[in-house]
Amino acid sequence: MKKIFFVALAATLLAAGCQKTEIINRLGDAMTFSTEMGKLTKADGEALASNGGGANLKAQDFRVWAYYVADDPNTGALAGSEYDGMVNSPVTYTKDTDSWDTNKQYYWPGKDKELKFFAVSADAETYGTGDESKIAPSEDRTSLAITDFTVNNDEPNTDLMVADFVTQSQNTKENDKSVSLNFRHALTKVEFLFKTGGSAEKPQETKVWVQNITVTGINTKADLNVNASHEFTWSNR
């Protein structure tokens, strides 16, 4: 009886010790996200994203995908497989702390174990759920496709932003475990300018009130493909 009790006690202590070690190891490996607005490559050259891009990003939040770059012999995960269920995972902006927060805490898989990240900011219809999502990284994880993106007339301020693909491990950046995502606008901003007469030296100070503007012949649904060089290619529907 004493021998059985001793074995059971030892097993209990061993389990407790393993659990404690796991928690200690993971405390320093938490994954976080940071964002910025970058340049968008357009046919007529490079155009800086507007200041409103950052505000739109915070208002819409974004979703993130993460995949193993190489096989992980410790877990049996294969290169290209999803990491820790991070597929179409929401990342939301918290104003009080000025930070981006995930719906659960993610941890890095270990030193020198690279992950590849994709991120998109869009509307709920584009995000979808499961197989209904319109967003999908390619099987070889070198590009990203958005199918049937639709501009909704009832939500004219909806923006579509895609982040540059990021390959990173927990020790890529010294003393920084965050994933920095550089978002680019995928849509085109249309500006209307009004000329009231006069000259550049003496313009007429005439007030203009715009009651309504209507545009026609513009596609509202298309497919988007983003390659590894961060080039955006639209295919009309």
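Further up the page is the structure itself.
Below, the structure is looked at part by part. Quantities reported herein were computed from a predicted structural model and do not represent experimental measurements.

**Digging into the sheet that holds strand β8 (residues 135–137)**
Phase 1: Pairing within the open sheet is antiparallel, and its 4 strands lie in the order β8-β9-β13-β14. The strands lining the two open edges of the sheet, one partner per strand, are β8 and β14 (232–236). Adjacent strand axes in the sheet meet at a mean angle of 20° when their direction is disregarded.
Phase 2: By the bridge criterion, 5 bridges tie strand β9 (residues 144–150) to strand β13 (residues 221–226) in an arrangement that is antiparallel. The residue bridging A145 from the neighbouring strand is N225, located in β13.

**Quick notes on unusual backbone geometry**
Phase 1: The backbone of D84 sits at a positive phi, close to 50°, despite the residue not being glycine.
Phase 2: In this structure, D84 sits in the loop between β4 (62–68) and β5 (89–94).
Phase 3: For D84, a relative accessible area of 33% puts it in the partly exposed group.
Phase 4: Unlike most non-glycine residues, N88 shows phi in positive territory, near 55°.

Calculation notes
- Residues numbered from 1 in each chain as written.
- Predicted model: local features only at pLDDT ≥ 70, side-chain atom pairs only at ≥ 80, totals over all residues.
- Heavy atoms only, no water.
- Pairing = 2+ DSSP bridges.
- Helix = DSSP H or I, 4+ residues; strand = E, 2+ residues; numbered from the N terminus.
- Axes fitted to C-alpha atoms, helices over the stretch in contact; angles between N-to-C directions.
- Buried < 20%, exposed > 50% of the residue type's maximum accessible area, 1.4 Å probe, protein only.

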